[in-house]
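Residue-level structural notes
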Amino acid sequence: MQRSEREHYGRDKKKEKPRTNWGLKAGKWISSILADPRQLLAGFLTVTMFVMLAHMIKREHFSSNSQVKMSITQKDPFERSKFEEQIDDLVDSSGLWGDDAVKLKPCWTKPKKSDQSEGYLSFSLTDGPEYHVSQIADAVVVARSIGATLVLPDIRGSKLGDKKDFDAVYDAQNFIKSLDGVVKVVQKPSTTISAKNLAVVKVPARVTKDHIAEFIEPQFQKKGNIRLATSFSSINMKKINNVKSEIDSVACMAMFGSLELQPEVRGVVNSMVERLRTLSRKSDGRFIAVDLRIDALEKKGCQEPSSDGSKKSYFDAREVAVFLRKIGYGKDTTIYLTQPRWNNSLSELKELFPKTYTKEGIMPTDKKDQFLDSDAPMLEEVIDFYMCSESDVFVPAISGLFYDNVVGKRISSGKTQILVPTDTPGSSASPDQFIPDYITKKNHLAYSCFC
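In what follows, the accompanying structure is described. (Residues numbered from 1 in each chain as written. Predicted model: local features only at pLDDT ≥ 70, side-chain atom pairs only at ≥ 80, totals over all residues. Heavy atoms only, no water.)

Let's talk about the overall build of the protein
As a reminder of what qualifies: Secondary structure counts use DSSP, requiring at least four H or I residues in a row for a helix and at least two E residues in a row for a strand, with both numbered from the N terminus. In this scheme, a residue with accessible area under 20% of its type's maximum is buried, one over 50% is exposed, and one in between is partly exposed, where area comes from a 1.4 Å probe on protein chains only. It only takes one pair of heavy atoms within 4.5 Å for two residues to be counted as in contact.
When helices and strands are counted, the protein shows 18 helices and 12 strands. For the protein, the proportion of its 451 residues judged to be buried stands at 44%. If you take every contact in the protein between residues at least 6 apart in sequence, the share linking residues at least 24 apart comes to 74%.

A short note on the pattern of salt bridges
Cut-off, in case you're wondering: A pairing counts as a salt bridge when a side-chain nitrogen of Lys or Arg comes within 4 Å of a carboxyl oxygen of Asp or Glu.
Within this structure, the stated rule accounts for 14 salt bridges. Glu264 is the partner of Lys367 in a salt bridge, and the nearest nitrogen-oxygen pair spans 3.2 Å. With Lys367 in the loop between α13 (359-362) and α14 (368-371) and Glu264 in helix α9 (residues 263-278), this pair connects stretches of sequence that are 103 residues apart. You can call Lys367 partly exposed: its relative accessible area is 22%. Judged by its relative accessible area of 31%, Glu264 is partly exposed. Of the charged contacts in the structure, one is a salt bridge between Asp291 and Arg293, with a shortest N-O distance of 2.8 Å. You can call Asp291 buried: its relative accessible area is 0%. Among the residues examined, Arg293 registers a relative accessible area of 22% and is labelled partly exposed. Through salt bridges with shared partners, a single network forms among Asp154, Arg156 and Lys163.

Examining the side chain of Thr149
Positionally, Thr149 belongs in strand β3 (residues 149-151). Residues contacting Thr149, with those up to four places away along its chain left out, are Gln116, Ser117, Gly119, Tyr120, Leu121, Lys184 and Val186.

Here's the deal with the environment of Val182
Structurally, the position occupied by Val182 is in the loop between α6 (172-178) and β6 (185-186). Placed 67 residues apart in sequence, Val182 and Asp115 show a C-alpha to C-alpha distance of 9.9 Å.

Focus on the sheet that holds β6
To keep it simple, the criterion reads: When DSSP finds at least two bridges between two strands, those strands are taken to pair. Only the stretch in contact is used when a helix axis is fitted, and all axes are lines through C-alpha atoms; the angle between N-to-C directions ranges over 0 to 180 degrees.
An order of β6-β3-β1-β8-β7 is seen for the 5 strands of this open sheet, with the pairing classed as parallel. Each edge of the open sheet is held by one strand with a lone partner, namely β6 and β7 (199-204). Each of β1 (120-122), β3, β7 and β8 (226-231) is contacted by helix α5 (residues 129-146), which is oriented at about 140° to β8, the strand it contacts most. Lying on the sheet, helix α7 (residues 209-223) is in contact with β1, β7 and β8; it crosses β7 at an angle near 170°.

Focus: the state of the cysteines
Stated formally: Note that a disulfide, as used here, is simply two cysteine sulfur atoms within 2.5 Å.
The full count for this structure, using the stated rule, is 2 disulfides. The disulfide partner of Cys107 is Cys451, and the S-S distance across this bridge is 2.2 Å. On the criterion of sequence distance, the pair formed by Cys107 in the loop between α4 (82-90) and β1 and Cys451 in the segment after α18 (446-449) is long-range, its members being 344 residues apart. Each sulfur in the disulfide pair Cys252 and Cys449 lies 2.0 Å from the other. Here the disulfide of Cys252 and Cys449 is left-handed, its torsion about the S-S bond being about -70°. Placement of the pair is Cys252 in helix α8 (residues 246-257) and Cys449 in helix α18, with a sequence separation of 197 residues. Accessibility expressed as a relative area gives 4% for Cys252, which makes it buried. A relative accessible area of 1% places Cys449 in the buried class. When the cysteines engaged in disulfides are numbered in sequence order, the protein pairs them as 1-4, 2-3.

Thoughts on α9
Filter applied, for reference: Working rule for helices: expected span equals 1.5 Å times residues minus one. Picture the helix axis, draw a direction to every C-beta atom, and the arc is the one those directions span. The term polar contact refers here to a pair of N or O atoms within 3.5 Å; inside protein, the definition further demands a hydrogen-donor-capable atom paired with an acceptor-capable atom, and it admits residues adjacent in sequence only when both atoms are side-chain atoms.
For α9, built from 16 residues, the straight-helix expectation of 22 Å at 1.5 Å per residue is met to within 8% by its first-to-last C-alpha distance of 22 Å. The set of residues buried in α9 consists of Val265, Val268, Val269, Met272, Val273 and Leu276. Each buried residue of α9 sits inside an arc of 130° when the element is viewed along its axis, so together they form one side. Considering only its buried residues, α9 is in contact with β9 (287-291), β10 (334-337), β11 (356-357), α13, α14 and α15 (378-390). Put simply, Gln262 is the residue that caps the front of α9, since its side-chain oxygen is 2.6 Å from the backbone nitrogen of Glu264.

Below, the structure is given as structure tokens:
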């Protein structure tokens with residue numbers, strides 16, 4: 001065959017190959033497989049082996065990268081990989097929030113109406129809302145015991161010149177109505193009170209009947225009027241075994257049944273709570289309130305025992321962040337801080353929990369000028385107290401009376417999910433380990449007043 005013929009033949013064969021030889025061979029191959037089941041099985045196993053090999057190569061490559069990133073995480077919990085963030089999204093954190101306890105009913109009984117003298121008992125609410133409940137209770141107990149008329153107190157903040165009328169913060173009419181028949185309450189004395197007819201008396205918190213009889217009643221009979229101040233050198237918020245005496249019932253009523261926020265302040269708190277719930281859609285509208293104030297941490301300066309026996313009395317932002325991650329809260333958790341203004345020392349907390357807010361970030365814009373005043377922070381402190389009392393979870397980074405009285409208010413409303421940070425070894429822990437004795441042993445004073 002000549003060269004030109006061979007080339008022409010070859011071209012013709014190439015053109016025909018896709019139409020004839022390939023189709024013929026494929027048809028024969030399929031026919032042979034169908035005719036012989038062993039070939040069908042062998043083909044299936046071959047394909048399966050190639051697929052498995054491809055997956056092994058891919059997984060080995062992913063695992064090696066993950067191991068490097070996880071080793072970094074063990075050194076520094078704030079250096080996070082995409083892998084860890086994906087895990088966060090898969091964690092079921094529903095058990096972290098707990099369920100509200102059954103709302104308790106008051107155990108106290110309202111005492112019978114008693115005779116009132118012509119004398120007055122005056123006092124001021126000072127230092128912050130965590131002190132107000134105890135100051136109210138002591139004043140009402142003393143006024144009831146000596147038969148004095150209670151003068152509605154003014155409110156004095158922690159800074160000089162920060163002074164407000166009672167009804168600028170609390171509902172005065174509700175206060176007067178709640179104590180009707182227990183003590184008489186007036187806005188102002190009907191007669192002038194001077195130094196000559198006024199005895200200034202300091203009483204310990206949770207004043208007793210014996211103390212009143214020995215130290216206060218004689219002064220009242222001598223002067224006719226009492227100016228009362230409560231001393232907080234030490235205070236015991238532990239449970240009374242049995243609320244049987246009249247004085248115990250009066251104290252419970254005054255502490256847990258008389259103070260309500262006035263409508264405007266209540267409206268600001270409600271709007272802030274609602275804002276946080278809106279930001280917490282991935283956790284069904286639930287949020288954590290953390291009492292963490294930089295100035296308070298600086299004042300602590302050293303470790304000291306807390307009122308309920310835990311070893312460390314304060315935790316900084318980084319320690320709180322590690323604690324919350326350790327017990328399982330994910331990056332989408334919404335956190336409210338009592339810190340007045342944002343501080344750079346909070347950055348490590350925000351790295352792990354981007355939805356971390358202070359008052360300035362969630363308060364209605366038209367209320368900020370009125371309620372955010374660093375020179376007169378009284379209203380801010382009141383807002384913090386009620387935000388911590390009404391959050392789904394409360395985490396006290398600082399021990400003290402604020403913690404003690406927030407716990408009492410939460411017990412009275414059935415919100416007992418309170419987690420106290422501690423230095424616990426290991427990478428994870430159950431939230432149940434950090435619920436305080438106040439709740440697990442029911443030894444807080446509030447359990448004396450509610451049942």
